[in-house]
2 protein chains.
Amino acid sequence: MQHIDQDTITQAVIARHTTAGDTRVREVMTSLVQHLHAFAREARLTEAEWAEGVRFLGECGRSGNAGHQELVLLSDALGLSTLVTALDRRRLKGGTESTMPAAFHATDVPRDAQDAQAPIHAKGEPCYVRGRVRSADGSPIAGAQVSVRPSGANGATRHLSSDADGAFLVLTTVAEACPVAQSGPVGRLLAALGRHPWRPAHLQFMISAPGYEHLITHVFRKGGQYLDSDAVFGVHSSLVADWVRHEPGRTPDGQTSAVPFTALEFAFVLNANKGDKP
Amino acid sequence: MQHIDQDTITQAVIARHTTAGDTRVREVMTSLVQHLHAFAREARLTEAEWAEGVRFLGECGRSGNAGHQELVLLSDALGLSTLVTALDRRRLKGGTESTMPAAFHATDVPRDAQDAQAPIHAKGEPCYVRGRVRSADGSPIAGAQVSVRPSGANGATRHLSSDADGAFLVLTTVAEACPVAQSGPVGRLLAALGRHPWRPAHLQFMISAPGYEHLITHVFRKGGQYLDSDAVFGVHSSLVADWVRHEPGRTPDGQTSAVPFTALEFAFVLNANKGDKP
């Protein structure tokens, strides 16, 4: 009879997976078992710690809605989301870097309730974002669907489209640094690790156009706080831009502002669809 | 500014943990992050697979009750529970091997509703278990609290105590092979891996006595089905015993049985409390 102990258990589990119908399932689960066991061995995990881990994951699983926000936040906080995005996304020369899948991007705002031309009623200083959407070869992408949301308590998602030149101009509010959810198990984990929960100020963008990969990315503020210690490791240097503060006066949309405002420009380069991947 | 990509993310996360107040938290989380990232890299996990994993864990977290049964079952099915138990438990010479923490051991049966001398009303062939509880030096442990439960649909937990010689005799029903829960996410995972959900027939024991480590273990049936393919990797060769089938006649408790019955003997050796650990 097979003798299973701490030295033979890993091979015993993996040997059981040779009958998996899907070779990718077998590959992923084999790798997972090896690394999960290596972790338990290296950490010399105790039964009490194992039980605490099970309890913690259960609490994460029950927190948030069907989007599994707390588990996503856990993945973000451990750098796994950023790693997976980096592994999965092609790095086309000049292509805009992706950030982790949107955990907290509000997608529940009725689209027709919004309008890029509508006045901003939310608190916060006005922020004009002039964007350009283009392909890796430099050609403009017209009609790209763009969603933008500033971080911070006053952030509201706005939806718009790029024009015939692939350009758009949107009025939003200046993004502010904001903490990730602190009341749940991940918040407690961060505290136990002595880590602060803050994310640097950023605009989150989702951009899609037929024939191109959906882009989820952030644009950060040059010189902003927490750029070097984003609680979820989302900062890439290529995504940091000058946010220029202007005194009251003429705005990028040809109007006049009676209050100070911020303006920034950013070019978004979309990768062609994965179907074209070599 | 720190440049974070797929090569630098792991070190960036770990560097954030140097401020953890508890060195053990830091140690465990650092090991976890390294192995979790190593898994993602080796498997070249895609965003879609990551999302499926998050969804799967969320479903596990919401399944079962506060005991987090589905997450425990997941750990069992991946061999993690057996590994952690093997790592955590001392291997005293001659000490009875522990099995994984009891995921499905019924502890909700009112204790006073049971009695080792009460007749067995459940279906199933009678099974007499004669046990001895002793310490590593061979001295009997009197008054040890023993719970025993046969696997299978008819299994009911029985509670009793060892006598002055550390011995007990309990009448239960013959254990049967049984599948782990199949309706939940772990059941689907096993199916995807081409693995059957069966556990070999076993008696599950929980034994405790003042001054000794709580023992959770199984006693399996020699020659039984699935001994080499327990769905949760709980079988140790030292825990396999002869289950002797007897024709109708005189039983171990001095009575007479009109039907065939099974009898087995097993010695349980408890480790002294961890407080005495060198």
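In the block above lies the structure referred to throughout.
Figured I'd write up the structure that's included with this text. All of these numbers come straight from a predicted model, not from anything done at the bench. (Residues numbered from 1 in each chain as written. Chains lettered and ligands numbered in written order. Predicted model: local features only at pLDDT ≥ 70, side-chain atom pairs only at ≥ 80, totals over all residues. Heavy atoms only, no water.)

1. Comments concerning the packing of helix H3 (residues 47-62) of chain B against helix H4 (residues 69-77) of chain B
All names here are of chain B.
- At a closest axis distance of 6 Å, the pairing of H3 and H4 adopts a crossing angle of 125°. Our classification of the angle between H3 and H4 gives oblique. Counting all contacts with H3, which are made through Phe56, Leu57, Cys60 and Gly61, the residues of H4 involved are Glu70, Leu71 and Leu74. (Axes fitted to C-alpha atoms, helices over the stretch in contact; angles between N-to-C directions. Helix = DSSP H or I, 4+ residues; strand = E, 2+ residues; numbered from the N terminus. Parallel < 35°, antiparallel > 145°, perpendicular 65-115°, else oblique. Contact = heavy atoms within 4.5 Å.)

2. Section: the packing of aromatic side chains
- Under the defined criterion, the tally for this structure stands at twelve aromatic pairs over all chains.
- Taking the centre distance of 5.0 Å and the plane angle of 55° together, the rings of phenylalanine 266 of chain A and phenylalanine 268 of chain A count as tilted. The same class applies to phenylalanine 266 of chain A as to phenylalanine 268 of chain A, namely buried.
- Here phenylalanine 168 of chain B and phenylalanine 205 of chain B contribute two aromatic rings whose centre-to-centre distance is 6.4 Å and whose plane-to-plane angle is 45°, an arrangement assigned as tilted. Here phenylalanine 205 of chain B lies in strand S7 (residues 202-208) and phenylalanine 168 of chain B lies in strand S4 (residues 167-173), a separation of 37 residues in the sequence. (Phe/Tyr/Trp six-rings, centres within 6.5 Å; stacked < 30°, edge-to-face > 60°. Buried < 20%, exposed > 50% of the residue type's maximum accessible area, 1.4 Å probe, protein only.)

3. Some details on empty space enclosed by the protein
- One pass over the full model with this rule turns up three cavities of 30 Å³ or more.
- Taken together, Arg89, Thr96, Ser98, Glu213, His214, Leu215, Val269, Leu270 and Asn271 of chain A form the lining of the largest cavity.
- Looking at side-chain class alone, the lining of the largest cavity contains three nonpolar, four polar and two charged residues.
- Estimated volume of the second largest cavity: approximately 40 Å³.
- Around the second largest cavity, the lining residues are Leu227, Asp228, Ser229, Asp230, Phe233, Gly234 and Val235 of chain A together with Gln2, Ile4 and Arg16 of chain B.
- When its residues are assigned to classes, the lining of the second largest cavity shows four nonpolar, three polar and three charged. (1 Å grid on protein atoms, 1.4 Å probe; cavity = no way out; pocket = protein on both sides within 12 Å on 5 of 7 lines; lining within 4 Å. Points joined across faces, edges and corners; volume = space filled by probe spheres on them. Nonpolar A, V, L, I, M, F, W, Y, C, P; charged D, E, K, R; others polar.)

By themselves, these observations are geometric and do not establish any function.
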